[in-house]
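# Fold and geometry: a report
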Amino acid sequence: MLTLLRHLSSSCCYGGRRSIATVISGNKTSKLVRERLKKEVDNMKMSNVIPSLLVLQVGNREDSNLYISSKMKAAAEVGIDAAHVRLPNTVTQDEVLRTIMSANEDVSVHGLIVQLPLDSINHMDVEMVTNTVSPLKDVDGLSCINAGKLSRGDLNNCFLPCTPNGCMELIRQTGVSVAGKHAVVIGRSKIVGAPMHDLLLWNHATVTTCHSKTHNIPEEVGRADILVVGAGRAEMVRGDWLKEGCVVIDCGINHVPDESKPGGKRVVGDVHYTSAYQRAGFITPVPGGVGPMTVAMLMQNTVLSAQRVLANMAAAGRSL
Ligand code: GUN
């Protein structure tokens, strides 16, 4: 009976009151990932290999500084040897490319990322910059080689982009299987929406990707068993758009004015949380949802890169 009552109260309606969503905590899940990685890094130390990450920044954007400091903090916690190189905003594209190529050549660097956006007074071809990072060290998964492998479903032979990979990890936490589900992605950026579409597809969902030219986004959203939003628009998705009981993953980080807060603003996602919470089965909060998972997945890719180097060294040793 108790089980039944629990079941009834967790389904959509009981005693006239709609259920509320289970919150999927990125803070908790990312902590578990970091703890697992710390053990893996400790094991690697026995082989005298310490995973290393180089974060290259162009300019001095305040938001990038914050993101980078959380990456450096997570790296220290896991035992990754991380360095942050900041080039001034007067740097030329050639100088940026030369810095990347020298990190590509440096065998002590396992992972290399270029923090985006690039903050320079000079013209920068972002595609050229991200594609100059060696695909073997591209722990952001943003180079066209890694993106191409992902788009073809070659998931075990590439680096998966950190935010979409973190979203998949949060979806796994719900216990809802992706295969056969209807997934909707809002946004088609190279960093979130496009790779998210690919990851869901190769995990066997039927995927619809919405963008600025999609005719009726609320109607598309209403069909989603799993919804991932990376639109960059504060509280765009309303609760009444959602299919009852769906999984909602919110990748948005938007600052909105709020005079009641010390800085006069607060952070909200791309989903209107309070209304979505009344209707979804699972939902990620902002902050504390996808954000910490992005950082954890960067650490995971860096450890994976070092493990691949170690495996190649062992294979070369065996063939001597
Ligand atoms: N800027 C915002 N998010 C990211 C990210 O995941 N990687 C990089 N390189 N830059 C970013």
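Let me sum up the structure you'll find in this document. (Residues numbered from 1 in each chain as written. Predicted model: local features only at pLDDT ≥ 70, side-chain atom pairs only at ≥ 80, totals over all residues. Heavy atoms only, no water.)

Once that is clear, we can look at the nonpolar core. Leu53, Ile171, Leu200, Val228, Ile249 and Met299 are the most contacted members of the largest nonpolar core, which has 48 residues in total. The dominant element in this core, judged by the number of residues it contributes, is helix 11 (residues 290-319), at 10 residues. Apart from residues no more than four positions distant in its own chain, Ile171 is found in contact with Val176, Val178, Leu200, Ile226, Val228, Val247 and Ile249. Ranked by size, the runner-up nonpolar core spans 19 residues in total, among them Val184, Val221, Val237 and Leu242. (Core = buried A, V, L, I, M, F, W, Y, C linked by side-chain atoms within 4.5 Å. Buried < 20%, exposed > 50% of the residue type's maximum accessible area, 1.4 Å probe, protein only. Helix = DSSP H or I, 4+ residues; strand = E, 2+ residues; numbered from the N terminus. Contact = heavy atoms within 4.5 Å.)

A few words now on the site of the ligand. The ligand sits among Lys71, Val114, Gln115, Leu116, Asp140 and Ile191. One nitrogen or oxygen atom from the side chain of Gln115 is found 3.3 Å from a nitrogen atom belonging to the ligand. A distance of 2.8 Å separates a nitrogen atom of the ligand from a polar backbone atom of Leu116. Taken together, the residues of the shell around the ligand break down into three nonpolar, one polar and two charged. (Near = heavy atom within 4 Å. Polar contact = N/O pair within 3.5 Å; in protein donor to acceptor, adjacent residues only side chain to side chain. Nonpolar A, V, L, I, M, F, W, Y, C, P; charged D, E, K, R; others polar.)

Right, let's get into the sheet that holds strand 3 (residues 22-23). Spatially, six strands are ordered 3-13-10-9-7-8 in an open sheet, and the strand pairing comes out parallel. Of all strands in the sheet, those with a lone pairing partner are strand 3 and strand 8 (206-210), marking the two edges. Summarising the sheet, strand 10 (residues 247-250) and strand 13 (residues 282-283) pair through two bridges and their orientation is parallel. Bridge assignment links Val247 to a residue of strand 13, and that residue is Phe282. Of the strands in this sheet, strand 9 (226-229), strand 10 and strand 13 touch helix 7 (residues 162-174), which is tilted by about 150° from strand 10. (Pairing = 2+ DSSP bridges. Axes fitted to C-alpha atoms, helices over the stretch in contact; angles between N-to-C directions.)

A word on helix 4 (residues 93-105). Think of an α-helix as turning once every 3.6 residues; residues three or four places apart then point the same way. In a regular helix each residue adds 1.5 Å, so 13 residues correspond to 18 Å; helix 4 covers 19 Å between its end C-alpha atoms and thus fits that length. Residues of helix 4 that are buried include every one of Gln93, Val96, Leu97, Ile100, Ala103 and Asn104, and no others. Angularly, the buried residues of helix 4 cover 125° about the axis, an arc narrow enough to put them on a single face. Looking at helix 4, the residues exposed on the side facing more than 90 degrees away from the buried face are Arg98 and Glu105. On the buried face of helix 4, the contacting elements are strand 4 (52-58), strand 5 (81-87), strand 6 (111-114) and helix 5 (126-132). (Expected span 1.5 Å × (residues − 1). Arc of directions from axis to C-beta.)

The omega angle of the peptide bond from Leu116 to Pro117 is 0°, so this bond is cis rather than trans. One can find Pro117 in the loop between strand 6 and helix 5. For the peptide bond that leads from Val286 to Pro287, omega is 0°, which places it in the cis range. Topologically, Pro287 is positioned in the loop between strand 13 and helix 11. Backbone geometry at Asn48 places phi at a positive 60°, although glycine is not the residue there.

Here strand 7 (residues 182-186) pairs with strand 8 via five bridges, running parallel. If you follow Val185 over to strand 8, its bridge partner there is Thr209. Taken together, strand 7, helix 8 (residues 193-202) and strand 8 constitute a β-α-β crossover, and its handedness is right-handed. (Right-handed = clockwise from strand over helix to strand, strands pointing away.)

Attention now goes to the pairing of strand 6. Both faces of strand 6 are covered, namely the face carrying Gly111 and Ile113 and the face carrying Leu112 and Val114. Relative to strand 6, strand 4 is paired through four bridges, and the arrangement is parallel. Of the residues in strand 6, the one forming a bridge with Leu53 is Gly111.

Take the sheet that holds strand 4 next. Two strands in a sheet stick together by hydrogen bonds in their backbones, pointing the same way (parallel) or opposite ways (antiparallel). Across the sheet, which stays open at both edges, the three strands sit in the order 5-4-6 with parallel pairing between neighbours. Each having just a single partner strand, strand 5 and strand 6 make up the two edges of the open sheet. Averaged over all adjacent pairs, the angle separating strand axes in this sheet is 15°, with direction ignored. Bridge count between strand 4 and strand 5: seven bridges; the pairing is parallel.

Using the criterion set out here, one finds zero disulfides in the structure. Free cysteine Cys158: the closest other cysteine sulfur is in Cys162, separated by 12 Å. (Disulfide = S-S within 2.5 Å.)

Right, let's talk about the packing of aromatic side chains for a bit. Per the stated rule, a full pass over the model turns up one aromatic pair. Consider the rings of Tyr273 and Tyr277, whose centres lie 5.6 Å apart with planes at 20°: the pair is stacked. You can see Tyr273 and its partner Tyr277 sitting in helix 10 (residues 273-277), four residues apart, about one turn around the helix. Looking at Arg308, its charged tip hangs above the ring of Phe159, at a distance of 4.7 Å from the centre. (Phe/Tyr/Trp six-rings, centres within 6.5 Å; stacked < 30°, edge-to-face > 60°. Lys NZ or Arg CZ within 6 Å of the ring centre and 35° of its normal.)

Moving on, we get to helix 8. Residues of helix 8 that are buried include every one of Gly193, Pro195, Met196, Asp198, Leu199 and Leu200, and no others. The inward-facing, buried residues of helix 8 contact helix 6 (144-151), helix 7, strand 7, strand 8 and strand 9.

Here we come to the environment of Gly245. Topologically, Gly245 is positioned in the loop between strand 9 and strand 10. Taking C-alpha positions, Gly245 is 14 Å from Val228, a pair spaced 17 residues apart along the chain. With residues up to four places along the chain from it excluded, the contact list for Gly245 reads Arg279, Ala280 and Gly281.

Shape descriptors only; they carry no functional weight alone.
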